[in-house]
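# Understanding the architecture of this molecule
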Amino acid sequence: MNLLVCISKTPETTAKIAFTDGDSKFNEEGVQYIMNPYDEWYALVRAIELKEKHGGKVIAINVGPASNDIVIRKALAIGADEAIRVNGEAVSSMFVAKQIANYAKSNDIDIVFCGKETIDYNGSEVASIVAELMDLPFISYASKMMVEGSTATIERDIEGGVEVVKVDKPFVISAAKGLAEQRIPNMKGIMMAKRKPLTVVEPEAVDSKSTIGSYTVPQGKQEVKMIDPENMEELVRLLHEEAKVI
Amino acid sequence: MSVLIFAEAKKGEYKKNAQEAVYYGAKLASQVGTEAIVFTIGDGSNANELGSFGASKIWFNNNSASTDSQVVSALIAQAASKAEATHVILSNTALGKSIAGRIAVKMDASLVSGANALPEGSSVTKGVFSGKAVAKYNLSGDKHVISVMGNSLQPEATGAAGIPEEISLDAPASRVTVVESKTVDGVVPLPEAELVVSAGRGMKGPENWGIIEDLAKVLGATTACSRPVADTGWRPHHEHVGQTGVAIRPNLYIAAGISGAIQHLAGVNSSKTIVVINKDPEAPFFKAADYGVLGDLFDIVPKLTAALEKFKAQ
Ligand SMILES: Cc1cc2nc3c(=O)[nH]c(=O)nc-3n(C[C@H](O)[C@H](O)[C@H](O)COP(=O)(O)OP(=O)(O)OC[C@H]3O[C@@H](n4cnc5c(N)ncnc54)[C@H](O)[C@@H]3O)c2cc1C
Ligand SMILES: Nc1ncnc2c1ncn2[C@@H]1O[C@H](COP(=O)(O)O)[C@@H](O)[C@H]1O
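The structure reproduced in this document is the subject of the present report. (Residues numbered from 1 in each chain as written. Chains lettered and ligands numbered in written order. Predicted model: local features only at pLDDT ≥ 70, side-chain atom pairs only at ≥ 80, totals over all residues. Heavy atoms only, no water.)

## Overview of the overall build of chain B
Under the convention used in this document: Helix and strand definitions follow DSSP, with helices as H or I runs of at least four residues and strands as E runs of at least two, each counted in order from the N terminus. Here the globule rule is a power law, 2.2 Å times the number of residues to the power 0.38, and the radius of gyration is based on C-alpha atoms. Exposure is judged per residue with a 1.4 Å probe applied to protein chains only, and the accessible area is read against the type maximum: over 50% gives exposed, under 20% gives buried, and values in between give partly exposed. The contact criterion used is simple: two residues touch if any of their non-hydrogen atoms lie within 4.5 Å.
The helix and strand inventory of chain B stands at 8 helices and 17 strands. Relative to the globule expectation of 20 Å for 314 residues, the C-alpha radius of gyration of chain B, 21 Å, shows essentially globular dimensions. Based on the C-alpha atoms only, the size of chain B along its principal axes is roughly 60 × 45 × 40 Å. Put simply, chain B has 314 residues, and 57% of those count as buried. Within chain B, contacts between residues separated by at least 24 positions form 63% of all contacts whose residues are at least 6 apart in sequence.

## What to know about unusual backbone geometry
Residues and elements named next belong to chain A. Backbone torsion omega between K169 and P170 reads -5°, so that peptide bond is classified as cis. Position of P170 among the secondary structure elements: in the loop between β11 (161-168) and β12 (171-175). Located in the positive-phi region is D21, a residue other than glycine, with phi close to 50°. Within the secondary structure, D21 is located in the loop between β3 (19-20) and β4 (25-26). Of note, the phi angle at S124 is positive, near 50°, even though the residue is not glycine. Tracing the sequence through the fold places S124 in the loop between β8 (111-115) and α4 (126-134).

## So, helix α4 (residues 210-219) of chain B
Residue and element names in this part refer to chain B. For clarity, the threshold we go by: Arc definition: it is the arc formed by the directions from the helix axis to the C-beta atoms.
Among the residues of α4, I211, I212, L215, A216, V218 and L219 are the ones counted as buried. Looking straight down α4, one finds its buried side chains confined to an arc of 165°; they lie on one side. Summarising the contacts, the buried residues of α4 are in contact with β13 (195-199), β14 (222-225), β15 (252-256) and α8 (297-313). Of the residues one or two after α4, G220 is the one with positive phi, at around 75°.

## Considering the site of ligand 2
Residue and element names in this part refer to chain A. Stated formally: A molecule or strand has a residue near it when one of that residue's heavy atoms lies within 4 Å. Here a polar contact means two N or O atoms within 3.5 Å. Within protein one must be a hydrogen donor candidate and the other an acceptor candidate, and residues neighboring in sequence count only if both atoms are side-chain atoms. To measure how exposed things are, a 1.4 Å probe is used in the Shrake-Rupley method; for residues, cover is taken only from the protein chains shown. Residue polarity follows a fixed list, in which Ala, Val, Leu, Ile, Met, Phe, Trp, Tyr, Cys and Pro are nonpolar, Asp, Glu, Lys and Arg are charged, and the others, Gly among them, are polar.
Inspection of the region around ligand 2 gives 19 residues, with C6, D39, S124, E125 and V126 positioned closest. Measuring from an oxygen atom of ligand 2, one finds a backbone N or O atom of E125 at 2.6 Å. Here an oxygen atom of ligand 2 sits 2.8 Å away from a polar atom, N or O, in the main chain of V126. Computed on the free molecule, ligand 2 has an accessible area of 480 Å², of which 93% lies beneath the protein chains in the complex. Of all the elements in the fold, those that place two or more residues in the shell around ligand 2 are β6 (57-63), α3 (93-105) and β8. Broken down by element, the shell around ligand 2 gets its largest block of residues, 3 residues, from β6. The residue makeup of the shell around ligand 2, split by class, is 9 nonpolar, 7 polar and 3 charged.

What follows is the structure, encoded as structure tokens:
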């Protein structure tokens, strides 16, 4: 089985969010980057588990500049067999998805794994575009997946519950919490990662129709109003009259 | 020309997210000087009410594969072409997220998912970095797909109901078989909830959740929890909110016995009003709160419930 895992890079959650160049660019100064948790903890690990059980290989793909290699090496250290980096700035989800679909189409991929969303832009867009470009079924927010022969049984999160579906390979899936248990790379993995192939390819030009022009930072909260624990009637009154939420 | 709105039916009903999408689409249509057409999948029997949010036409198509992204996106794209739509508007729900990208590809359109306001000219904004910033997306081309973040605007039903009209479309065969669908009935799912009562490790154990459920009940709120609480099985996973759980933006979020770690805040800090109940004056959550109550939650929560009961009785 050829399993393609799309991995992305996001600022670490405690990173300071600030902008430069007239608020048109994210300020990367001093920002630590991590692999997007949904890609690392769930998508990648489930793909590795499937390979361990059924054979085949796990290929990690990232669309981004050379500075992303550190995140890609981590995917190799966790257990991906090889990696592809498409050398271009991820300016839009259409751009990213096009590069992933191009690779997947010409490499006989059985399952394309994405994360549920990137935690910085919260798009949830790439996976569904890849699926459409490849004319494949797309199962979003998968929290459990079993594969038997050519069929996968997948449990996916929907509002207020779950849905269990069956689908034949090939397909695209996006990984939510529960799909696998996080794996920490060990020393052996880290050493081996250095010798695994990381191929860099050039992107296809894409007409990105939605791109970020500028950012604004919303005003911070006002000082918290402390309420006397013996006077919950006062809290109720404020929620009704001041906040107008009840 | 038109703005086509996909209204998502849940078991034949239109929830707030569908009303919001219709309202958003209708406002947008009047902004660009065209008509708003609603499209829905199902038997259309409850769809007439959607007219009152500003749609001039309501189309429906009965198809049973209503959660398969390939089928649903194909139907919407056909409806959009029939309507000569310049914009397709949908809700940013689980289904909405699985189809928005597909529709944008089919229509060769720009795509913004999770918009938090109406477009201004050729740009539209959405929250990014877990609500810590707002990004303005510039849209190019002549077709656009926009999904609307829940609770971004307050839909008003000021118009008249419409008459749903069936349209025939060619659906591709579904390649996904639904084996089972397990949803909790009678509670508003978290992403749509306007009132949420949430609790964390300060609860000490699952057996103590009665006071949280009582509070949620008087309010008509949905219950949520912090991640460790779901991880240890005290509460079901679908209640976990935060960076790795559900992101919510209710009008009111009450958090009891939750410290307010940054990963928790990431999923809840877009809430309009936040009430924090914690016994530790240093709990970081107080900095993100509108109202704080310092003390023992086992004392405070029942008192709050009683005060609300009194208020509701008036
Ligand atoms: C990558 C990553 C992702 C994460 N994602 C999430 C996420 O999505 N959601 C999430 O919630 N967490 C997430 N976490 C975990 C997060 O960092 C915190 O550990 C977690 O939110 C803490 O949960 P808590 O507030 O319930 O527990 P604690 O931090 O243990 O806080 C319990 C609080 O209860 C108070 N308390 C105790 N007893 C009482 C009492 N009797 N009365 C009143 N107050 C009392 C205490 O003062 C304390 O503030 C993530 C962590 C990481 C590293
Ligand atoms: N630059 C990228 N390179 C590779 N995969 C990506 C990239 N950006 C996003 N993805 C994948 O798409 C998923 C959803 O991203 P998004 O649509 O941006 O929320 C991520 O979890 C990744 O699996």
